[in-house]
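# Notes for the structure review
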Protein chains: 2
Amino acid sequence: MTHRTTRCVVLDSYANGTALSESHFSLESKTLAPLAESQVLLQTLVLSPDPYMRGRMTGMDNFFLPQFELRAPLVGFGVARILESRNPAFTPGQLVHGSIEWAEMSNWGANLYVASLGSLELLDPQIKPHRRALDVLGITGLTAYFGALEVARPRRGETLLISGAAGSIGSIVGQIAKIRGARVIGLAGSDRKCAVLKEQLGFDAALNYRSASLEQQLRELMPTGPDIYFDNVGGPLTQMVMWQMQRPARVIECGQISTYDQDGGGWNLDIRPIHGQGLSWEGFTPVQFQEFFPAALAQLGYWLRSGKVIALETVINGFENAPRSLAGLFRGDNLGKMLLNVAD
Amino acid sequence: MTHRTTRCVVLDSYANGTALSESHFSLESKTLAPLAESQVLLQTLVLSPDPYMRGRMTGMDNFFLPQFELRAPLVGFGVARILESRNPAFTPGQLVHGSIEWAEMSNWGANLYVASLGSLELLDPQIKPHRRALDVLGITGLTAYFGALEVARPRRGETLLISGAAGSIGSIVGQIAKIRGARVIGLAGSDRKCAVLKEQLGFDAALNYRSASLEQQLRELMPTGPDIYFDNVGGPLTQMVMWQMQRPARVIECGQISTYDQDGGGWNLDIRPIHGQGLSWEGFTPVQFQEFFPAALAQLGYWLRSGKVIALETVINGFENAPRSLAGLFRGDNLGKMLLNVAD
């Protein structure tokens, strides 16, 4: 049995109260131990830089997930190929997905934090390309599906405003809301992103949130505010939107990405507009709907195949670009889902 | 026309990021100008120290109401008698209620901040004692009525947990929820308050939130958490409660009194339990239901007369105790509505 060497991405320092940047990470060499009983050797194909990972990089207790260990490989969702197996459930050549190390190769089966979403699973061969298991047909798509259909529940004719609309979840939520008959307006960080939302995804309108006249533009589009605000962003943008909403309008909170760099890791909200405008604010995580993942994945698969939902993606190639794929996610470098392609 | 002298309460300094105390106020003498056209001279009978006033004492922009001017008389809800009138709508001897100066006598009709709840109004002679216009039959009762019936909407058999349950609003919300068939559990700051909730108001249970075993007691009473949490308090107590709640449980936010001493005036919320537990969080102000005040006041009057709703009150006598009535409100000195009786 040979001792293999691989590269992995480690967190060099926590980023609390400061922007995450490439300098927080480094690529390191690692020698893999021989496979232990029940382990498999994985070749990483695609990794999924996800906003929730930021909460594991602050060094602060975040209530949801434990902090990443400094100088140890990051862990996140990914798609991989089985290279060797000492586990009867897996055979070399099979494709799998689950929580894996941010490494080109890794021994799976010990010491990995496994999210409650499950362990390593065989990839459904219908999922093509296989990176769809990390966006529309993965936790991203499931979050959008349940957020749109079980939490936001837009009625026909209601106006749904989405922040982070060109992001991984927002872009899917908007398309599902259109299928449901809502009027969908997106907020995104560049004119190019707005154009894609309107022209490729069929949004009714899209506004660049960096525009100085945003507040005025929102008032013109929605004189009494949106009926539903699907929020991926938080912070001052969300404050401003909420002051324009009127009871019984509702906010669906899916993420607060603009706050994660704050001291303490963010997730703080000034509730005065909720109080003053009589709004409701609803949070959720997809895990709450876990029993219904089969239905959701089947439906999302149907929508993908029929072209009713389009997968927007930004694929960065090359494992050496892993730090950029992570830091860039919080700068809005991505249009749709950020993905890191490691090997074909 | 004589020049009258009266006493008034002024704010000496703003209290931002620090507890409000008697030392922030002083009593001052004031000479009243002769009545101008359309003004009336009021003799103050009862004043209403209310939690929302704290937001006018921070020196910070609070979005809701302007800051009190330093060294000028405070303004708040009160009941008064017309002593003199140069306004055809009022006759000496009549009782009125509305936003008035914290003074033993005052000229009404100029320079008062008038809440959107209306101006000076004749007191309905059916309201007895007249201080009921400041609690069950005033904005306090209206807040409780709409908060309970239009926002919280407890269904028969649901468990409603109330923080600040022995306060002015909480004590009424609990009684209305009992009428609606809910199981009602109160959180209050002393064993005596808890006893009153159970023995006088018919709460199913009441817990002292200062108890070291509170979390355990809550779990025993509500193994899956409350269905509805009616929150008057906010802060760490609310955080703890929310972590025990399970989707689709809901929080009704009526006030956040434990946060008002914070730098910036409070109203900040750590939303992680809302996100993680999939809760909904709803805010409101009674003004949103203003069109329906007549129905609410008629219903509250019926409940009062029939004894189905009991007015809990803490009456402090003597204008010189005005600072204590205000500061004490934020120490929990009150059982039910805090009232300052100025004259009979």
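What you are looking at is a predicted structure, and each value in this text was computed from that prediction instead of being measured.

Here we come to the relation of the copies chain B and chain A. Its rotation angle being 180°, the transformation that places chain B on chain A also includes 0.0 Å of axial translation and leaves an RMSD of 0.0 Å. Look at the turn and shift together and you get a two-fold axis relating the two. A high fraction, 100%, of the interface residues of chain B reappear at the interface in chain A, so the copies pair face to face through one surface.

Next up on the list: the domain arrangement of chain A. It is common to give the size of an interface as the accessible area lost on bringing the parts into contact. All names here are of chain A. When cut into domains, chain A gives domain 1 (5–135 + 311–341) and domain 2 (144–287). Inter-centroid distance (C-alpha atoms) of domain 1 to domain 2 is 29 Å. Facing 22 residues of domain 1, the contacting portion of domain 2 comprises 16 residues. Looking at side-chain class alone, the side of domain 1 that touches domain 2 contains 9 nonpolar, 10 polar and 3 charged residues.

It is worth spelling out helix H7 (residues 293–305) of chain A at this point. Given 3.6 residues to a turn, an α-helix orients residues that are three or four positions apart in the same direction. The terminal C-alpha atoms of H7(A) lie 18 Å apart, and with 13 residues this matches the ideal 18 Å at 1.5 Å per residue to within 8%. Directly beyond the C-terminal end of H7(A), a positive phi value near 80° is found at Gly307(A).

Next up on the list: the interface of chain B and chain A. Opposite the 22 residues of chain B that make contact, chain A presents 22 residues. Listing elements by their share of the side of chain B that touches chain A, those giving two or more residues are strand E13 (268–270), helix H6 (272–277) and strand E14 (280–283) of chain B. The residue makeup of the side of chain B that touches chain A, split by class, is 9 nonpolar, 8 polar and 5 charged. The sheet contact formed by strand E14 (residues 280–283) of chain A and E14(B) spans 3 bridges and is antiparallel.

Residues and elements named next belong to chain B. Phe 146 marks where helix H1 (residues 139–152) bends most, by close to 25°. Of all 14 residues in H1, 12 are buried; the element is thus mostly enclosed. Positioned one or two residues after H1, Arg 153 has a phi angle of 45°, which is positive.

Parameters and conventions
Numbering of residues starts from 1 in every chain and runs along the sequence as written. Chain letters and ligand numbers both follow the written order, the letters beginning at A and the numbers at 1. Whole-chain, interface and lining totals are the exception, using all residues; otherwise, since this is a predicted model, local features are given only for residues with pLDDT of at least 70 and side-chain atom pairs are given and counted only at 80 or more. Copies are brought into register by a least-squares superposition over C-alpha atoms of residues with pLDDT of at least 70 in both. This entry defines residue contacts through backbone-placed C-beta atoms, with two residues in contact when those atoms are within 7 Å. Where a domain begins and ends is set by an automatic assignment or by a domain database. Each residue receives one of three labels: charged for Asp, Glu, Lys and Arg, nonpolar for Ala, Val, Leu, Ile, Met, Phe, Trp, Tyr, Cys and Pro, and polar for the others, Gly being one of them. Each helix corresponds to a stretch of at least 4 residues labelled H or I by DSSP, and each strand to a stretch of at least 2 residues labelled E; elements are numbered beginning at the N terminus. Here a helix's expected span is defined as the number of its residues, less one, multiplied by 1.5 Å. Here, strands pair whenever DSSP counts at least two bridges between them. Two axes enter the bend calculation: one fitted to the seven residues ending at the residue in question, the other to the seven starting there, and the bend is the angle between them. Think of it as a crowd count around each C-beta: if 20 or more other C-beta atoms lie within 10 Å the residue is buried, if 12 or fewer it is exposed, and in between it is partly exposed, with C-beta placed from the backbone throughout.

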